[in-house]
Every structure is written in C-alpha cells, then in structure tokens.
Amino acid sequence: MAFPVTFLFLSLVSLPLLAAAALGCDRSGRSAGPAPAPPSVAPAPVREQAARVADGGVTPEAADGGATSAAAAGDAAAAAARAAPLRADAPFVELPVEGFPSAVVSVPNGATARRPVLIASHGNYDRPEWQCQVWRDIVGDGVFVLCPRGVARPDSPSASDVRFTYESNARLEQEIDAGLAALRARFPEHVDPGAVLYTGFSLGAIMGSAIAARRAALFPRLVLVEGGHDKWTPATAKAFADGGGQRVLFVCAQAGCGGAAAAAAARLEKAGVLARVARSKEAGHRYDGPVAEETRRALDWLIDGDPRW
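Please read all numbers here as calculations on a predicted model, not as lab measurements.

Draft legend 1. Structural view of the sheet that holds strand 8 (residues 221–225). Here we have 8 strands laid out as an open sheet, ordered 1-2-4-3-7-8-9-10, and mixed in their pairing. On the outer flanks of this sheet lie strand 1 (92–97) and strand 10 (274–279), each paired with one strand and no other. Within the sheet, the average angular offset between the axes of one strand and its neighbour, ignoring direction, is 20°. Inspection of the sheet shows strand 9 (residues 247–252) paired to strand 10 by 6 bridges, in the parallel sense.

Quick look at the structure:
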C-alpha cells in the first residue's frame, strides 16, 4: 500500500532533525558542537500567515491579531521603565534636608530600577555616618540607606568629632519625612515609592517604636537593635497591627535586652504581628561587629515575601 504524501513529507523533514538532535549533545547533556542549521521549510503557521497576506493584502500585524504591535509596545514600556544607571561620586552622599541638618545616604550606584529605602536611626551620642556604614555592610549596595542626623550634642568630644541625638520621636518623624522627600527629589527615577524598612539602635529604636505604631503603613517592618522593646504595650502592638504592621526583629547583645525583647515579641505576636528575637554573643551595648553579623543572619526572615528586596 502506498504511503500518504503527508506522511512521506514529515518523514523527510523529521529524519534530519532527529539525527542532528542526536549529534548535538554528548552523554552528559552538554553541547558537543554547533547547533544544526534550522530546517529550510517554514513552520506551518508562518506559511499560512504568508499565504493570507499574499491573498488578502493584510499586514503581518493584522494577520497575527496585533501580537507584533503588542509585543513591540511591551518592549518599549519595559525599556522606559529602566532608568539610566544611578551615578554618584561615592558610596555615601550628603543629602540636604529642608528644615533639618543634612542626612547621610548610602546609594545603590549603578541601579537601573527603583530600589527600596531603609531608614537607619542612630543612638544617643552617635553619628549617622557610622549607622550608614554598618547598614551598607549588612544589606549591601543595592538599596538606599537613609540616615537622619538629628541634633548635635553640646558635650561632643571635639569640633571634629561631633555626636548627635534626637529631640523627640515626633521631631525624628518629621526629619524622616523631610529626608524621604529630599531623597525622592534627588533620585526620582531610582527611589521606590512604597513602604520603608525602619531600623534603629538604642534611642533610634525607642523612638522608632512610637513612630511605627502611628505610621505602620509606611514602616510595616522594623529592626530594633538594643532598645525599643519596652514601648510595645498591648495597645501599641494592636495599633501597629491594625495599621498594617507585619514584622518586627529585635536584636540584642545583652541578657537584659533579650528577656525584655522576648516579652515584647510575645505581645506583638498576640496582636497578629510576626516577631523574632535575634541574640548575638554578649558584646555590650553596640550595633557593629557580632551584633551586625547576627542582624545580617536574621534579615532574610524580616524581608521574606517583599519582592523588592
């Protein structure tokens, strides 16, 4: 019995392809040579589209239902969404802030898309430069780290070694808002407009707890290092949860901090907020060294589920 013409045609096309596929990989699955040339016969959908264009005079875009134009439009939109690479003279820049002393910012040099913001609030008798350096080491160079300065302490060691504090949590909140506005104005194509990760050490943690309880939608995730745990009453924990609060990470380097933080974490969990306590080895009241290492290890839990990170 004679074979159908269609079967014969497919056999003639398929046999060279099968042979080429067999020769194209070695036994471990790696490429053993250049890929075989594509078959000279166009796939059926292309042949059918060409016939319709020739018969009816329709454009290829109309023939494929506008898919070509849609794909081109999507490519153009994607290209527009990519910003020019962020260029700064140094990893850390000074950011003028209206109504407040200048902040320090760790910038994601080379970023071509919007990147999230981390607020790093220092402790009493501290410096924003030190916070920014430690947090850049923890999170890397792919995000903005905004470090508000606060006010100078009159008992600073010297004019070349000025230390800072914050007047109140309300004043720090205003400084953060002004700093975020300045950051977005300076890097409008690169700053993500969404929620901000708040971190604070000691005084910065204490004041941050009060701020976040009022502004949970902006600060739904917190890192509180060596402080802030005693501010989480059942009422503030509920306010944080009701406002959209999601996760709180306490980091402690002293035994007294660890016990108080565990109690605060329990109150937050009861209110519906995920909370965790990370303990470094006994290192005193500090945020660098082993405390920073413990913070880095726990950070994946804190940012889990946030695709921006």
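Draft legend 2. Representation of the packing of aromatic side chains within the structure. Summed over all chains, the structure comprises 4 aromatic pairs. Considering the side-chain rings of Y198 and F219, the 5.7 Å spacing of their centres and the 75° angle between planes classify their relative orientation as edge-to-face. Pair noted here: Y198 is in strand 7 (residues 197–201) and F219 is in the loop between helix 7 (203–214) and strand 8, with a separation of 21 residues, a long-range link. By the burial criterion, Y198 is buried, and F219 matches it.

Draft legend 3. Quick look at empty space enclosed by the protein. Enumeration according to the criterion identifies 2 cavities of 30 Å³ or more in this entry. Looking at the largest cavity, its volume works out to about 50 Å³. Lining the largest cavity are Q131, V134, W135, I138, T199, G200, F201, V225, Y287, A292 and T295. Elements with a minimum of two residues in the lining of the largest cavity: helix 5 (128–139), strand 7 and helix 10 (290–303). Top element by residues in the lining of the largest cavity is helix 5. It accounts for 4 residues. Of the residues contributing to the lining of the largest cavity, the split by class is 7 nonpolar, 4 polar and no charged. There is about 30 Å³ of room inside the second largest cavity.

Draft legend 4. Inspection of the pattern of salt bridges at higher detail. One pass over the full model with this rule turns up 16 salt bridges. With a closest N to O distance of 2.6 Å, D155 and R153 form a salt bridge. Owing to a relative accessible area of 39%, D155 belongs among the partly exposed residues under this scheme. Between R214 and E173 there is a salt bridge whose closest N-O contact spans 2.7 Å. Of this pair, R214 sits in helix 7 while E173 sits in helix 6 (residues 169–186), placing them 41 residues apart in sequence. Overall, the relative accessible area of 14% leaves E173 in the buried class. Among the charged side chains, a salt-bridge network with shared partners connects E173, D177, R214 and R215.

Draft legend 5. Fine view of helix 6. Across its 18 residues, helix 6 extends 25 Å between first and last C-alpha, which sits within 8% of the 26 Å expected from 1.5 Å per residue. All buried positions along helix 6 are accounted for by L172, E173, E175, I176, A178, G179, L180, A182 and L183. Looking at the buried residues of helix 6, the elements they touch are strand 1, strand 2 (100–106), strand 3 (117–121), strand 4 (144–147), strand 7 and helix 7.

Draft legend 6. The environment of A205, seen in detail. In this fold, A205 is placed in helix 7. Judged by relative accessible area, A205 falls into the buried class, the value being 0%. Note: C-alpha distance between A205 and V223 (18 residues apart in sequence) is 7.9 Å. Setting aside residues no more than four positions away along its own chain, A205 makes contact with G200, L224, V225, G227 and G228.

Cut-offs applied
- Residues numbered from 1 in each chain as written.
- Predicted model: local features only at pLDDT ≥ 70, side-chain atom pairs only at ≥ 80, totals over all residues.
- Heavy atoms only, no water.
- Pairing = 2+ DSSP bridges.
- Helix = DSSP H or I, 4+ residues; strand = E, 2+ residues; numbered from the N terminus.
- Axes fitted to C-alpha atoms, helices over the stretch in contact; angles between N-to-C directions.
- Phe/Tyr/Trp six-rings, centres within 6.5 Å; stacked < 30°, edge-to-face > 60°.
- Buried < 20%, exposed > 50% of the residue type's maximum accessible area, 1.4 Å probe, protein only.
- 1 Å grid on protein atoms, 1.4 Å probe; cavity = no way out; pocket = protein on both sides within 12 Å on 5 of 7 lines; lining within 4 Å.
- Points joined across faces, edges and corners; volume = space filled by probe spheres on them.
- Nonpolar A, V, L, I, M, F, W, Y, C, P; charged D, E, K, R; others polar.
- Salt bridge = Lys/Arg side-chain N within 4 Å of Asp/Glu carboxyl O.
- Expected span 1.5 Å × (residues − 1).
- Contact = heavy atoms within 4.5 Å.

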